[in-house]
Amino acid sequence: MTAGSVAVTLALAGCSGGGEGPAPDGGPYTVAKLQAGVLQPADVGPTWKRPEQSSPPVTSLIPLCPGLATRPPVPGSPTVIAASMADEGDRGAQAFDQMGLVYKDAAAMEAAFASLQDTMDACPPKASRTAGPRDDTAEAGYTETSTIEPLVSGGWKGFVTLRHKVYEAASPGTADVAVAVVGQGNAIIVASYAVYWVGQHSTGPEFTADWRRLVGTVLSRVDAKHPS
C-alpha cells in the first residue's frame, strides 16, 4: 500500500446509509449482469492485484461479526460470482472482495437475505483476542468493535457492518473492515473493503469515503446492465 494514502482512484457513484431510490425493472438479474459489476484492479489503482493462486469454489461468505467469527455459509442455492484483489506494502495493506449471489427468484433471495440478517443481528458489539504463541503467521492480540448501519443504493437495500480493530501495544496497528450486504430482485451482493495499518494509525474519514465509493460503483455498474 502506498505510503500516506489509502484512497482509491475511482471517482464514480457512491451509496448512502438511508433514503429511497428507484429500483430497476429489467427482469431477473443474471450472472452476466452481476459479472458486469466486478471491479478490476486497474479500475481501482495501479498497485492493486488479483491473487496469484486461483481461489477454490466459494462455499462461505466474509465474516460479518467481530473477533474469530465463523464465516457464514452461502445461503440457499445461488450461482456465485466472486472476485478478490489487494494492494500490499510496507506500511499496510488494503483488500476488496466482491460476491454476487444469483437466485432462481425473489422469494429465494429474500429467504437467503433473512438468514444473513439473522447472523448479523446475533453479532456481539465487541470481541477481544489475547496473543498466544507467535510465529510468522499468528495474529497479535486485539480488541475489535463492530457497528451496524442500514444501507440503501438505488433499489438495493441491506446493511453494512463496520469493524474497527486495535492491536495490542506490543504489535501496534489498526484494521478497519466494512462488509456490505444488499439485495434486490433475485440477487444479493456482498462486498468487503478492509484496510490494515502497521504502527500507530487511525484510518479516519477516508475509510468511509472509500468503501462507499467502491460499493456504490459495483452497484451502479450492475444496474447499468439492468435498466428500468
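The structure under discussion appears in the preceding block.
Residues numbered from 1 in each chain as written. Predicted model: local features only at pLDDT ≥ 70, side-chain atom pairs only at ≥ 80, totals over all residues. Heavy atoms only, no water.

**Q** In this structure, what is going on with the state of the cysteines? I would like to understand it.
**A** In a disulfide, the sulfur atoms of two cysteines are covalently bonded to one another. Taken as a whole and assessed by the stated rule, the structure comprises 1 disulfide. Here Cys 65 connects covalently by a disulfide to Cys 123, the sulfurs 1.8 Å from one another. Handedness of the Cys 65-Cys 123 disulfide follows from its S-S torsion of about -70°: it is left-handed. Of this pair, Cys 65 sits in the loop between helix H2 (41-44) and strand E1 (79-89) while Cys 123 is found in the loop between helix H3 (106-121) and strand E3 (126-129), placing the two residues 58 residues apart along the sequence. (Disulfide = S-S within 2.5 Å. Helix = DSSP H or I, 4+ residues; strand = E, 2+ residues; numbered from the N terminus.)

**Q** Any chance you could explain the nonpolar core here in plain terms?
**A** In summary, soluble globular proteins display a tendency toward joint burial of nonpolar side chains. Ranked by internal contacts, the top residues of the largest apolar core, which has 31 residues, are Leu 34, Phe 96, Trp 156, Ile 189, Tyr 193 and Trp 211. Secondary-structure elements contributing two or more residues to this core are E1, strand E2 (92-102), strand E5 (156-167), strand E6 (173-184), strand E7 (187-198) and helix H4 (205-224). The element that contributes the greatest number of residues to this core is H4, accounting for 7 residues. Not counting the four nearest positions on each side in its chain, Ile 189 is found in contact with Leu 34, Met 99, Trp 156, Ala 180, Val 181, Val 182, Val 218, Leu 219 and Val 222. Ranked by size, the runner-up nonpolar core spans 21 residues in total, among them Val 74, Cys 123, Val 190 and Ala 194. (Core = buried A, V, L, I, M, F, W, Y, C linked by side-chain atoms within 4.5 Å. Buried < 20%, exposed > 50% of the residue type's maximum accessible area, 1.4 Å probe, protein only. Contact = heavy atoms within 4.5 Å.)

**Q** Got a minute to help me understand empty space enclosed by the protein in this structure?
**A** Rolling a probe over the atoms, with the probe sized like a water molecule, indicates the empty space that remains. In total, this model carries 1 cavity of 30 Å³ or more according to the counting rule given. For the largest cavity, the calculated volume is near 70 Å³. Looking at the lining of the largest cavity residue by residue, the class counts come to 9 nonpolar, 3 polar and no charged. (1 Å grid on protein atoms, 1.4 Å probe; cavity = no way out; pocket = protein on both sides within 12 Å on 5 of 7 lines; lining within 4 Å. Points joined across faces, edges and corners; volume = space filled by probe spheres on them. Nonpolar A, V, L, I, M, F, W, Y, C, P; charged D, E, K, R; others polar.)

**Q** Would you mind going over the packing of aromatic side chains with me for this structure?
**A** Aromatic ring pairs are reported here in terms of the distance separating the ring centres and the angle at which the planes meet. Taken as a whole and assessed by the stated rule, the structure comprises 4 aromatic pairs. Measuring from centroid to centroid gives 5.9 Å for Phe 113 and Phe 159, while their planes differ by 65°, and the two rings are edge-to-face. Note that Phe 113 is positioned in helix H3 and Phe 159 in strand E5, a separation of 46 residues in sequence. You'll find Phe 113 and Phe 159 in the same group, each marked buried. The cationic tip of Lys 165 hangs over the ring face of Tyr 142; the distance from NZ or CZ to the ring centre is 4.2 Å. (Phe/Tyr/Trp six-rings, centres within 6.5 Å; stacked < 30°, edge-to-face > 60°. Lys NZ or Arg CZ within 6 Å of the ring centre and 35° of its normal.)

**Q** I tried to follow the pairing of E2 on my own but got confused; where do I start?
**A** Remember that side chains alternate between the two faces of the sheet whenever the strand is regular. The buried count for E2 comes to 10 of 11 residues, which makes it a mostly enclosed element. Judged from the 11 bridges that link them, E1 and E2 form a sheet pairing that is antiparallel. Paired with Gly 89 across the bridge in E2 is Gly 92. Linking two consecutive strands that pair antiparallel, namely E1 and E2, is a turn of 2 residues. In terms of strand pairing, E2 meets E7 through 11 bridges, oriented antiparallel. Within E7, the residue paired with Val 102 across the bridge is Ala 187. (Pairing = 2+ DSSP bridges.)

**Q** What is the right way to look at the environment of Tyr 167 in this model?
**A** As for its placement among the helices and strands, Tyr 167 is situated in strand E5. Residues Tyr 167 and Ala 131, spaced 36 residues apart in sequence, show a C-alpha to C-alpha distance of 9.6 Å. What Tyr 167 contacts, discounting residues up to four positions off in sequence, is Glu 139, Ala 140, Gly 141, Tyr 142, Gly 173, Thr 174 and Ala 175.

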